[in-house]
Every structure is written in C-alpha cells, then in structure tokens.
Amino acid sequence: MSKIILDEWQEEALAHEGNLLLCTGRQVGKTFIMSRKAAEYLIKHPKSKIIVCSLTEDQAQLMIVMTLSYLEQNYKSMLKKPYSKNITKNKIVLSNGSQIIARPVGNTGDAVRGFTGDVLILDEASRFNEFIFTASKPTLLTTGGQIWMCSTPFGKQGYFYECYLNKSGRFKVIHTNSWDVVNTRQISEVWTEKKRAEAIRFLEDEKNDMSELQFAQEYLGLFQDDLQQFFPDNLIKKCCVLKRQQFIQERDYYMGVDIARMGTDRGSFEILCRINKDRIEQVGNETSHKKLTTETFDRIIQLDRQYKFNQIGIDAGSGSLGVGVLDFLLREPSIRKKVIALNNRSRELDRDGKKKTTLLKEDMYLIMRWLMERGVLFLLDDDEVMQDLKNVQYEYITTAGKKVTMRIFANPSADIVEGITRACYLANQKSLNLSISYI
C-alpha cells in the first residue's frame, strides 16, 4: 500500500501535545490527521479514552472509520478481540484498554453528558452552538484532558471563532487553506501531478462559481464578517419540535424533492401537511445517496401512492438532474398534473396575472423563514434537519447601478432544506399572498 506523505501542517498537528485547533479550508485532510493523531494517542496512552463529538451520526462515525483504518494498517495486533464486540460504528477498543467513542451530539450536546474522557475531539466545531460546548467540555474535568477541535469557519461568531482568536493562549492554533495545500503538497504515488492539476482546476471553477466571501470561507478558511447564518439558532429550536407522523386521510400533503447527483450529494424527499391556513407541519423526511434518475422517479411514485400529494415541487431548471426526472413524471398519468418545476419559475404578482416576476431560490427561503417566524411552519425534531438549517448562510451582493440583492447558499450541504423550501412554497401559496422585496 502506498504511503501517504503528510503536509507540514499535518506533521505539526500530529506532534503537538495539548489543546489543538485546526482552522482550514475544505478537503485538506483535517479529519484524516485528527484520526491518525487519535490512533497514536490510544496506542501511547493505555486505558485512555477519546470522545469524538460531531453534529450528526454520519460525521461521528467517519472519524471512527478513519481511525480504524489507520490502526488496521499499523497496529492490527492491538485491536481487541472479539472484533464484533469491541469494534463498532461508534467505538474501537484496544487490547491495552484504550478506546475511542463517537457521539452525535445534535443541537443540545445531551448525548455526551455523563461521559469522561482524556481527549475531546470536536469535529466541524464552527457549527456547534453554545449548548454543545457547555455539555461536552466537562467530560475533561477530572482528567485534565485535552480538547482537539477542527473546522472550516462559519462567520465571525461562536466559541470556535473565539478559540481561534486564542486570546487566553489555551490552544495551539494551526491555519491552512485548500489552495496552499493543493499547490504545495508533495508529489507522490498518492498525490500525483494529474491529481494536483485536477484539484487546481476544480478550485478555479469554484472560485468562478462562488462569491468572493463564500470562496474565502470554504476554501481559504477565512472568517468573514458579511456571511451570516440565515436561520438563527433560536428560530431552529423554536420550530423543530415535531415527531414523525403517520398518514391521515383528508389532509393536504405536499412534497419537495432535491435530486442527488451520483457523487456525495444527498437526495431529499420532504413532506409537509397543511393543517389549516395558520399551520403547516413537516410529517416526513427521507434522504438518499447515489440514486439513478429512474430510482428517484420510482420513489416519488411510491410516496405519492402513500400520501396522495396535492402537489410535488422539484428542481428542474436548465442543466439540472431534475429535468430528466420531470420528463418521466410528466409521462405518468397518475402524477403529471401534480408536479411543478420550482426553479426560476414565473409567478403572478396580481390577481389578473398581468404582472409577473421570476420565483428565485431566495424567495422560497425568505417565505419559509417568514412562516417559521410567524409560528405557521413547524419542522421535525431531527438532527439532520436542524443541521441543514444551520448550514444555510446569506450575504448581500452590491453591484454598481443595481439594487442590492441577497444571495443564499449552504456548505457543506442543505439538501433537506432545499426540499423543505419547495414543499413549503407549495403548501403556503394558496393560503397566504406574500410579496418579497430585497433590502
């Protein structure tokens, strides 16, 4: 197996003893080096315990998987048998008594309360709210343990940003960015000239596609004043209170679909029920990975048979994967009249239909937040739903001679919210007549 050559910043992180903060751009290898550092710590410190906190179960388990991979390659004899008992998706136990445990902490941090550890790893910590830090840090109280945290920035806000400033000198802070890593990483069997060229080309394309602020945050790892969280934490907490519900006949159901590519994107099927003009509830949510367009079509048909939707909104703009799915749906007699393409769609501004404007993504997001603030829209008490809401950011775009506009985006993803906005627009449009104007 080809040996991975570490970057200088990774070597520095691996060698450091004590509290550590990694602030980086995307896809530079921060989770990899944290996993390797965790594995080495477990080997060198018998009977130690590492607790990994991430917002979702998938994120928490990723570090376990990467730690296990490194241990299998370098310290396989230290893995404790029987493997079925001591190696799971959420923990690894070694023969020297050391162990690493992954805890998805959601939006409260309650899942980590009661644990004691020697090292606390906080993954993608910039997106943690204050409740998670309050709940997780006391795990180190009786051990005098270490905090290792890593993340891309998420605006100049929160505990991660305060720790990055490091006014008290508590942390060893290491900062790096995607551009420097891609250009300076040593060429090897793993990192070839071809891979470097492809990565540089990808970053150049991203720079052209993104705003300057967005690119600076996601790939240069810089904290930006003008990037702000679109759905505030207190609003998310107020609205995400529902449990999943069974289908009830004689109610109006709407579904919003966000279609996944065959890569790492998730597909999203979000189901809302309009109870009355003053209340809309999310009753179901489903995500998928790497689905063919035919599989997405089949799932929409299955869900429609179950819920008998009034309308289904999908992203079917020019060049999107939704166009292919829409073509299939429009040929299906049982569903074709329910399907609406919600992507830059023309909508009426007056009762006569004489004045029209384009329905933008930003319009749907603003309508959704307005309904949440009004106490009309309620969503599932679900970690993935809440995390996707938190991932949404916005900025104002100023162009000489033009009106100031809002740009809404999400990194790493908000596939669930994309589906909710479409279902929400459809469920709401007959009950309220809203107009959106930008500052």
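Residues numbered from 1 in each chain as written. Predicted model: local features only at pLDDT ≥ 70, side-chain atom pairs only at ≥ 80, totals over all residues. Heavy atoms only, no water.

Student: Got a sec to walk through the pairing of strand β18 (residues 392-397)? Specific residues and values, please.
Tutor: Two strands pair when backbone bridges link them, and strand β8 (residues 228-229) and β18 are joined in this way by two bridges, in the antiparallel orientation. Considered in β18, the bridge of Q229 is made with Q393. With six bridges connecting them, β18 and strand β19 (residues 405-410) associate as antiparallel partners. For V392, the partnering residue across the bridge sits in β19 and is A410. (Pairing = 2+ DSSP bridges. Helix = DSSP H or I, 4+ residues; strand = E, 2+ residues; numbered from the N terminus.)

Student: Can you lay out the sheet that holds strand β11 (residues 266-276) for me, pointing to particular residues and giving the numbers?
Tutor: Note: strands within a sheet are paired through backbone hydrogen bonds, in either parallel or antiparallel orientation. The mixed open sheet is built from seven strands, whose spatial order is β9-β17-β12-β11-β10-β13-β14. At either end of the open sheet lies a strand with only one pairing partner, and these are β9 (240-242) and β14 (339-341). If you compare each strand with its neighbour and ignore which way they point, the axes differ by 30 degrees on average. Pairing of strand β10 (residues 252-258) with strand β13 (residues 311-314) involves four bridges; the strand directions are parallel. (Axes fitted to C-alpha atoms, helices over the stretch in contact; angles between N-to-C directions.)

Student: Kindly report on helix α2 (residues 30-44), identifying the contributing residues and their values.
Tutor: For α2, with 15 residues, the first-to-last C-alpha span of 21 Å sits near the 21 Å given by 1.5 Å per residue. Among the 15 residues of α2, 13 are classified as buried, and the element is accordingly described as predominantly covered. (Expected span 1.5 Å × (residues − 1). Buried < 20%, exposed > 50% of the residue type's maximum accessible area, 1.4 Å probe, protein only.)

Student: Now, about unusual backbone geometry: what can you tell me, with residues and values included?
Tutor: Cis geometry marks the peptide bond from K81 to P82; its omega dihedral reads 0 degrees. Mapped onto the elements, P82 comes out in the loop between α3 (57-74) and α4 (83-86). Residue Q27 is not a glycine yet carries a positive backbone phi of 60 degrees. Tracing the chain through its elements places Q27 in the loop between β1 (20-23) and α2. Phi at E250 takes a positive value of approximately 65 degrees, unusual for a residue other than glycine. Looking at the secondary structure, you find E250 in the loop between β9 and β10. On the basis of relative accessibility, which here comes to 82%, the residue E250 falls in the exposed class.

Student: So what about the packing of helix α13 (residues 361-374) against helix α15 (residues 415-428)? Which residues, and what values?
Tutor: It is the contact of α13 with α15, at a shortest axis distance of 9 Å, that shows an interaxial angle of 75 degrees. On the basis of their axis angle, the class for α13 and α15 is roughly perpendicular. Judged by residue contacts, K361, M364, Y365, I367, M368 and L371 of α13 engage V417, E418, I420, T421, R422, C424, Y425 and N428 from α15. In the contact of α13 with α15, the residues fall into nine nonpolar, two polar and three charged. (Parallel < 35°, antiparallel > 145°, perpendicular 65-115°, else oblique. Contact = heavy atoms within 4.5 Å. Nonpolar A, V, L, I, M, F, W, Y, C, P; charged D, E, K, R; others polar.)

Student: Describe the nonpolar core, naming the residues involved and giving the relevant values.
Tutor: One finds F230, F231, M368, L377 and L389 to be the most contacted residues of the largest nonpolar core, which totals 37 residues. Listing elements by their share of this core, those giving two or more residues are α10 (233-239), α13, β17 (377-380), α14 (383-391), β18, β19 and α15. Sort the elements by how many residues they give to this core and α15 lands first, with eight residues. In contact with F230, other than residues within four places in its own chain, are Y365, L366, R369, V392, Q393, Y394, M406 and I408. In terms of nonpolar packing, the next biggest core, distinct from the first, is built from 33 residues, W9, A38, A60 and I92 among them. (Core = buried A, V, L, I, M, F, W, Y, C linked by side-chain atoms within 4.5 Å.)

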